[in-house]
Amino acid sequence: MNSWQKLVADLAADGTLTAEWAPAFEALPRAGFLPDVIWRHHVPTGHVEAVDRAREPERWRAAAESRDPLVTQWDDGEHHGLKQGRMASSSASAPSVVAAMLTGLDAHPGHRVLEIGTGTGWNAGLLAHRLGAGAVTTVEVDRNLADTARAALARQGLGAVTVVHGDGFQGHRPGAPYDRVVATCGVHTIPTAWLQQCSPGGRIVAPWGTRFTRTEATVTLTVAEDGRSAGGPFTALVQFMSLRAQRQELPAYADYVTAESREKAERGTTTLTLGETLAGDWDLSRFVLGLLVPDCAVVFDAPRGGRRPVWLCGLGDDDRSWACVLFREDDPDDLPSSSTVYQYGARRLWDEVEIAHAWWREQGRPGLGRLGLTVHGDGRGQHVWLDTPDHVVGVPSTV
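Residues numbered from 1 in each chain as written. Predicted model: local features only at pLDDT ≥ 70, side-chain atom pairs only at ≥ 80, totals over all residues. Heavy atoms only, no water.

Trainee: Account for the environment of H172, with residues named and values stated.
Mentor: Note on placement: H172 falls in the loop between β7 (162-165) and β8 (178-183). Beyond its immediate sequence surroundings of up to four residues, H172 is in contact with L114, T137, V139, V164, Y178 and Q197. (Helix = DSSP H or I, 4+ residues; strand = E, 2+ residues; numbered from the N terminus. Contact = heavy atoms within 4.5 Å.)

Shown next, in the form of structure tokens:
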């Protein structure tokens, strides 16, 4: 048994990979869709290392057959060489995440699927292996990626997959309606086009998140019988490259923190700790706070003098509100402590975080299993809910 076969067996044994999808994973190893240079991403540490197939074929094979996500493109293809680029713009997701999303998609032979974000073509290949190549349409905004994915699918005997070079935000109307829509890129809003192009009773699976943090949660939406809305629960925290039409740049420090704003900022304190609010990419609290503090981004600064500055920046039109919390790094999370807070602008962003965190505690710290999303196709936008669709969380946002 080689390392890929062992990985597939392990995923099947722990229930991540179902019996319906195991044959596709066995037949189509991820390595068959990867470029010669990849960057292995070790999620727990955030460390990224380049692996060149020509120079280190054994290490390249080990990375390709690992559980790790792999960066396959930097800076929309403008980056060259082995060094890490400025922004990862395409990847091959962790096999466990791919398996979980395919299971959530609940696609069966006879279904037609629209995929948003072709990337390497591996996910489209897995769909095609099970459903038939003619049943899969995949859209990729990057022409080079679309071309290389099309070639990889053809090498695997799956050339009948329809690979479209285009903006996935618009879906692909010529092939509609689809029984399933799956996105392999993160979104802040579910595009109306996806809802309109999915059949009533169909399913949409996508990584969805707020602008508060780069971590999303996969959401599984079922389209209503009248086709006018879709809703369903969040399932797992994930991180994907953003749909390019919905990308955001981190706020520039100088645009927010001026000499005037420093002088006028209000000073206060907080007893909330970094650990219980904003600490980790994979902490549920940060995702939940993003649901309740809209149009806001979190930016982490380098530690200094035993303090860890964390900034909150307003993202609304003409909003330059900011807050900075100087968290004490020397205090355990389980002991009372006080950190200094500075706030400026039309919004008191840290106050909003404290109110949001108090609500989460009062509700029993609900996890993803109690949270869900409803999307409307009639201009009413989307809203997050707790336990039932009529129990709205936060302020509904527009598409």
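Trainee: Pulling in residues and values, what's your account of helix α6 (residues 143-155)?
Mentor: With 13 residues, α6 extends 19 Å between its outermost C-alpha atoms, agreeing within 8% with the 18 Å of an ideal straight helix rising 1.5 Å per residue. Burial in α6 covers these residues: L145, A146, A149, A152 and L153. All buried residues of α6 project into a common sector of 130 degrees when viewed along the axis, lining one side. In α6, the exposed positions angled more than 90 degrees off the buried face are occupied by R143, N144 and R155. Lining the buried residues of α6 we find β3 (70-74), β4 (88-92), α5 (122-131), β6 (136-140) and β7. The first or second residue beyond α6 is G157, which carries a positive phi of 75 degrees. (Expected span 1.5 Å × (residues − 1). Buried < 20%, exposed > 50% of the residue type's maximum accessible area, 1.4 Å probe, protein only. Arc of directions from axis to C-beta.)

Trainee: Tell me what's going on with the sheet that holds strand β15 (residues 322-328), and back it up with residues and numbers.
Mentor: With antiparallel pairing, the five strands of this open sheet are ordered in space as β12-β16-β15-β14-β13. The sheet terminates laterally at β12 (266-270) and β13 (296-300), the two strands that pair on one side only. In this sheet, neighbouring strand axes are inclined to one another by 20 degrees on average, regardless of whether the strands run parallel or antiparallel. (Pairing = 2+ DSSP bridges. Axes fitted to C-alpha atoms, helices over the stretch in contact; angles between N-to-C directions.)

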